[in-house]
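Coordinates in review
Each chain is listed here by its residues.
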Amino acid sequence: MPVMKVVVWFNEVDKGDVSLVGGKGANLGELTKAKIPVPPGFIVTSDAFFQFLHDARLRPKIQKLLANLDPNQSALLQDVSAKIKKLIVDAPAPEAVAREVRRAYRELEGGPVAVRSSSTAEDLAEASFAGQQSTFLNVVGEDNVVEAVQACWASLFEARAIFYREQAGFDHLKVGIAVPVQRMVQSNRSGVMFTIEPVTGDPDKVVIEAIFGLGEAVVSGALTPDLYVVDEKTLRILDKNVAVQDTQMTRNPEAKTFQESNVWVDVPADLGRRQKLTNDEIVALAEIGRRIEEHYGVPQDIEWAEESGEFYIVQARPVTVTHAVEVGVGVPTETAPVLLEGQPGSPGIASGPAKVALEAEEALGKIQEGDVLVTSMTAPDWVPAMKRATAIVTERGGRTCHAAIVSRELGIPLVMGIENATKELNGGQIVTVDGVQGRIYAGRAEKRLEWWAREQQHRSIAAHIKTKTKVLVNLAEPDLAETVAKRNVDGVGLLRAEFIIADHIKEHPRLCIEEGRAEEFIEKLAEGLRKFAKAFYPRPVVYRATDFKTNEYHNLKGGEKYEHSEENPMIGYRGASRYVQEPEVFKLEIEAIKRVRKEYPNLWLMIPFVRTPEELAGVKAVLEQEGLPRSQDFKLWMMAEVPSNVFLLDQFIDVGIDGISIGSNDLTQLILGIDRDNARFAHEFDERNEAVVEALERLVHGAIGRGITCSICGQAPSDYPELTRKLVEWHITSVSVNPDVIDKTREIIAKLEHDLEEAARAASPSTAGSAAAS
């Protein structure tokens with residue numbers, strides 16, 4: 001039998017040794033052999049871990065604890081995880097293993113080391129496990145190193161790691177773990193570097209993030225780093241965003257255990273405002289990143305640290321790019337066959353049995369938790385069934401259709417615009433829906449599922465950023481109000497009424513009036529509105545009055561009695577025209593708003609699809625007649641989504657409103673003459689079209705110039721960061737986006753506001769005078 005290797009050194013392994021040292025260990029060895037500046041170290045192998053499980057007789061105990069575990073029972077999962085970790089930590093390490101670890105630590109000349117986890121299974125993408133196992137920094141002393149290694153072994157059974165393996169169908173006791181032990185770089189500065197733009201996927205850019213102190217604060221999202229963008233070919237610096245830093249993580253000289261090895265300390269104010277890396281250092285670091293990418297042949301996600309003027313690479317892994325097949329150490333390319341391709345509608349990747357439903361009632365009876373809903377198109381009354389689905393596939397629709405809007409809000413993957421999907425996908429076959437790439441795979445696409453699991457673990461630093469431009473959220477589902485209200489958001493910029501009515505009331509309002517049940521309708525609507533107003537109080541909640549089209553009203557109980565068929569409901573009897581012509585129905589909404597405002601005066605009103613100033617005046621007259629006039633704490637907004645709103649904005653403002661919110665979805669389709677739900681035109685429906693952008697600019701400048709607020713609540717700012725930049729440059733008051741891009745939008749706005757302030761400061765006479773004097 002071959003002799004078990006307990007410890008191997010970095011220079012003894014390479015990318016072919018994943019099964020022995022894990023992906024992280026294999027990469028450190030590969031980089032060392034490529035003469036990339038890597039701090040020296042050794043790796044406690046997976047053989048040592050498996051030997052430990054055998055000697056301590058832990059396998060049967062762990063198997064018993066994991067038997068019949070339902071990972072969806074969170075409390076039980078946490079309990080099982082804690083018990084297994086305690087078994088591993090309390091068991092004595094094999095003397096042969098402990099002896100070899102101590103010897104290697106002495107050979108490394110002792111001192112502080114970083115002890116990290118490195119997953120070893122060939123079948124699992126190392127990148128997918130980032131953050132699931134433990135890392136310990138600044139560990140000092142032989143006994144502490146042995147304990148830290150054992151703690152890394154235990155972290156293989158963190159609850160999130162158990163859940164992941166259960167979902168992926170892997171045997172827990174066949175997945176091993178190795179532990180790299182590396183000389184600790186006492187970082188003056190550190191951070192992360194991508195050799196590809198990680199958001200847009202631009203392969204010609206290197207993106208560097210930098211902070212003072214230990215890099216763990218960047219990886220965990222505890223600090224906002226400097227951001228530098230470099231042209232990968234010319235190494236020319238393209239962009240810099242310097243973040244103010246007031247604290248840093250550093251070694252704790254008074255630590256009594258390895259778990260207390262790091263401490264937060266203040267950064268001097270004058271230092272915290274400085275650029276973390278000089279321009280020459282940015283270029284030098286980008287050059288190292290370029291060398292690493294050239295060596296591997298694929299874009300890299302790199303962790304770096306600087307000590308005494310020298311840069312060191314402490315970790316590197318392949319970047320999983322959304323528009324490319326994943327590659328990397330020990331990671332085979334996706335082997336599941338692609339069945340169908342369409343348009344990505346809502347990001348996410350999920351797998352389940354495909355079930356076809358063509359009507360909402362059929363969907364409610366057929367779709368169970370975990371199913372993939374396949375249909376032609378959804379409408380508001382489909383929401384209960386959509387909530388059960390793990391993913392959705394539609395034959396029609398663009399990214400602003402109902403299915404896309406609701407799926408993004410619920411966090412459900414969606415692929416749309418697949419012709420004949422209801423015929424191609426049927427019979428409960430298992431498929432994977434990739435809402436990032438717009439693909440449907442046969443069976444479980446394990447590599448794509450693993451990648452998405454990793455992406456979900458990343459926490460955005462934008463959760464703590466504040467901006468002058470307010471970031472609002474688009475919502476419709478009362479059940480999500482409390483969860484989203486906890487996010488870094490300034491209020492609700494678009495509260496849609498349609499889903500409350502379709503999901504909770506389910507009846508045509510005129511049917512309720514005719515049958516003498518108007519009070520029932522009012523109270524149910526008020527109940528839904530109250531959930532939002534209460535969750536966000538005192539932040540504003542802007543409720544958009546019902547904007548059902550005739551075909552959607554027709555789907556409600558009793559709807560066929562009151563709604564006439566229209567050739568083109570999108571530009572038919574909807575919005576403000578209904579309120580003026582059917583004031584008795586509008587009064588139901590007004591009464592519901594008044595009831596909620598008695599408790600929560602943060603509920604405001606927005607009128608949709610207003611074609612003429614006269615129509616707006618008619619709506620205002622009804623509001624005032626019913627005792628709901630504009631006031632200091634009740635603001636009236638108008639949706640700006642019809643071209644007449646652009647050309648006659650001053651006349652609409654003269655009627656008397658407090659603000660406008662640009663509905664970029666309808667505005668774009670009416671300017672370009674494109675049905676936004678027609679998949680054939682999906683590529684041409686684009687809010688960045690020159691005509692649309694000009695209309696947006698006129699609306700923002702016109703509203704701000706007249707002293708009223710201006711927001712935008714269409715899909716555009718959620719999809720196009722470059723459009724958000726323009727809106728901020730025009731000094732828009734707020735941007736309302738879907739829940740999935742709140743943090744991303746906040747980060748974009750914060751960077752742009754910083755750049756605008758810097759430009760203004762540089763252009764001011766006082767700044768120029770000071771510069772001249774110096």
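See the structure shown above.
Here we summarise the structure given alongside this text. (Residues numbered from 1 in each chain as written. Predicted model: local features only at pLDDT ≥ 70, side-chain atom pairs only at ≥ 80, totals over all residues. Heavy atoms only, no water.)

Going through the model one piece at a time under the given rule, you end up with 54 salt bridges. The salt bridge involving Glu-446 is made with Arg-444; its shortest N-O contact spans 3.0 Å. With a closest N to O distance of 3.9 Å, Glu-523 and Arg-530 form a salt bridge. The structure contains a network of salt bridges with shared partners spanning Glu-519, Glu-523, Arg-530, Glu-591, Lys-594, Arg-595 and Glu-599. (Salt bridge = Lys/Arg side-chain N within 4 Å of Asp/Glu carboxyl O.)

To continue, consider the sheet that holds strand 20 (residues 414-416). With mixed pairing, eight strands are arranged side by side in an open sheet as 15-22-21-17-18-19-20-16. The two strands at the open ends of the sheet, each matched to only one other strand, are strand 15 (338-341) and strand 16 (343-346). Strand after strand, the sheet turns through a mean of 30 degrees between neighbouring axes, direction not considered. (Pairing = 2+ DSSP bridges. Helix = DSSP H or I, 4+ residues; strand = E, 2+ residues; numbered from the N terminus. Axes fitted to C-alpha atoms, helices over the stretch in contact; angles between N-to-C directions.)

Spatially, 29-28-27-26-25-24-23-30 is the arrangement adopted by the eight strands of the open sheet, whose pairing is parallel. Each edge of the open sheet carries a strand with a single partner, namely strand 29 (709-712) and strand 30 (734-737). Shown here is a sheet whose adjacent strand axes are inclined to one another by a mean of 30 degrees, direction ignored. Note: strand 23 (residues 470-475) against strand 30, four bridges, orientation parallel. Among the inter-strand pairings, Val-473 is bridged to a residue of strand 30, identified as Val-737. In the packing of helix 19 (residues 518-536) onto the sheet, contacts are made with strand 23, strand 24 (492-496), strand 25 (541-544) and strand 26 (603-607), and the angle to strand 25 comes to roughly 155 degrees. On the sheet, helix 28 (residues 690-705) packs against strand 27 (636-640), strand 28 (659-662) and strand 29 and is oriented at approximately 150 degrees with respect to strand 29. (Contact = heavy atoms within 4.5 Å.)

This part takes up the side chain of Gln-182. Looking at the element boundaries, Gln-182 is found in strand 6 (residues 177-183). The contact partners of Gln-182, leaving out residues within four places of it in the chain, are Phe-10, Leu-28, Val-38, Pro-39, Pro-40, Gly-41, Leu-108, Val-113, Ala-114, Arg-116, Ile-313 and Val-314.

Of all six residues in strand 7 (residues 189-194), six are buried, a share of seventy percent or more. Across the two faces of strand 7 the burial is the same, with Arg-189, Gly-191 and Met-193 and Ser-190, Val-192 and Phe-194 all buried. When strand 7 meets strand 8 (residues 205-212), the two strands line up antiparallel, connected through six bridges. The residue of strand 8 that forms the bridge with Gly-191 is Ala-210. Two strands pair when backbone bridges link them, and strand 7 and strand 13 (residues 300-307) are joined in this way by six bridges, in the antiparallel orientation. (Buried < 20%, exposed > 50% of the residue type's maximum accessible area, 1.4 Å probe, protein only.)

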